[in-house]
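# Summary of the model geometry
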Amino acid sequence: MEPTSESNLAPQKRLTRTPRVTVTRRLGPAVEERMGELFEVRTNASDMPLTREQLVEAMQECDVLVPTVTDRIDAEMIAQAGEDLGLIANFGAGTEHIDLVAAAKRKIIVTNTPGVFTDDTADLTMAGIIGVPRRIREGVQLIRSGEWTGWAPTAMLGRKLGGKTLGIVGMGRIGQAVAHRARAFGLEIAYHNRKRLPVAVERMFGARWVDTLDELVAEADILTLHCPASPESRHMIDARRLSLMKKGACLINTARGDLVDQEALIAALESGQLEGAGLDVYPDEPKVDERLIRHPNVMTLPHIGSATREGREDSGMKVIANIRMWADGHRPPDQVLSGLA
């Protein structure tokens, strides 16, 4: 979000004591060990999402809160934060679960860990882009059920990737990483973004700009979503847009569950309008609709787009760097601007 003033970039006072840090989820041994060496750390031994009341209590007792995407931190909760809370050092790139304006009003800095999970999420997206048209999930189930009777010329026919159009919604870091990978499989890349990329960047990725989302949806053989969740993007893929898609097209979503109207998606899958879907995110996590689980050509994954040992450790180390810079009175390198005037 673009700032409208520089007021939230004012120098911070150096913390004169060891920072009291509350971490809402387990972050892995290497990260937790390093945090313990540097800070006074309170961890969540159960590794279950904290309740609203527990989050508020934590915010009243620490200098730094380290939340994750499972922690919804709204204006009312921020208003109840203790006077010492000066930094919300988010573990992860997305910050839509934090009310940035409310934090800025309380002069609480918010940081994130951008760029760490780009390749990991793009790799998992490619698993869906390849796996759904080739009916991988259905094939695995056929083997596991013991019902496979052997190779046959007409058995388990999927769709080839070469020459098909991959529509990318959101051409940021992850969208571009997907485009880079998809070209190697012979996919034609079309994209829609809030702002068109420079022509030189389009050429680098072999990507073609499509002016409206409706146009992109209508021409994509495979549609993949890579944009943040917001009130404006909620249900951007709804019944109307799903009806615009080619019959037999596929939808991949490794971004946010709320981008897709789930009931409309299920209806499109059950009617055959869509041939399949690859999903790593859902609107009511950890709940996953049974109709998606039962569908033979829907890859239902448990939000593992960023789940690599290397990525999670790198993200944790970015959190530590942000806390250390803030505690030393400097602007953290990954400060998220609120746009508050």
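Here, every reference points to the structure presented above.
Now for a quick tour of the structure. (Residues numbered from 1 in each chain as written. Predicted model: local features only at pLDDT ≥ 70, side-chain atom pairs only at ≥ 80, totals over all residues. Heavy atoms only, no water.)

Here the focus is the pattern of salt bridges. Any two side chains of opposite charge can pair, given that their charged atoms come close. All chains considered together, the criterion is met by 24 salt bridges. A salt bridge links Arg-17 to Asp-63; the nearest nitrogen and oxygen atoms lie 2.4 Å apart. With Arg-17 in the segment before β1 (20-23) and Asp-63 in the loop between α2 (52-61) and β3 (64-66), this residue pair connects regions lying 46 residues apart in the sequence. On the basis of relative accessible area, Arg-17 is assigned to the partly exposed category, the value being 36%. A residue is classified by how much of its surface remains accessible, and Asp-63, at 0% relative accessible area, is buried. The network of salt bridges with shared partners includes Arg-17, Arg-20, Asp-63 and Asp-84. (Salt bridge = Lys/Arg side-chain N within 4 Å of Asp/Glu carboxyl O. Helix = DSSP H or I, 4+ residues; strand = E, 2+ residues; numbered from the N terminus. Buried < 20%, exposed > 50% of the residue type's maximum accessible area, 1.4 Å probe, protein only.)

On to the packing of helix α1 (residues 29-38) against helix α13 (residues 309-327), then. The geometry of α1 relative to α13 is characterised by a closest axis approach of 9 Å and an angle of 15° between their N-to-C directions. Judged by the angle between their axes, α1 and α13 are roughly parallel. Of the two possible hands of crossing, α1 and α13 adopt the one that is right-handed. Within the contact between the two elements, α1 uses Ala-30, Val-31, Arg-34, Met-35 and Leu-38 and α13 uses Arg-312, Glu-313, Gly-316, Met-317, Val-319, Ile-320, Ile-323 and Arg-324. (Axes fitted to C-alpha atoms, helices over the stretch in contact; angles between N-to-C directions. Parallel < 35°, antiparallel > 145°, perpendicular 65-115°, else oblique. Left-handed = near helix turned anticlockwise from the far one by under 90°. Contact = heavy atoms within 4.5 Å.)

Let us now look at the side chain of Asp-289. Relative to the helices and strands, Asp-289 resides in the loop between β11 (274-279) and α12 (290-294). Once residues lying within four places of it in the same chain are set aside, the contact partners of Asp-289 are Gln-262, Glu-263 and Ile-266.

On to the pairing of strand β9 (residues 222-225), then. On β9, burial covers both faces: Ile-222 and Thr-224 on one face and Leu-223 and Leu-225 on the other are all buried. Of the pairings in the sheet, the one linking strand β6 (residues 165-169) to β9 comprises four bridges and is parallel in character. Bridged to Val-169 within β9 is Leu-225. Bridging between β9 and strand β10 (residues 249-253) involves four bridges; their strand directions are parallel. What sits directly across from Ile-222, in β10, is Cys-250. For the crossover that starts at β9, traverses helix α10 (residues 239-244) and ends in the parallel β10, the hand is right-handed. (Pairing = 2+ DSSP bridges. Right-handed = clockwise from strand over helix to strand, strands pointing away.)

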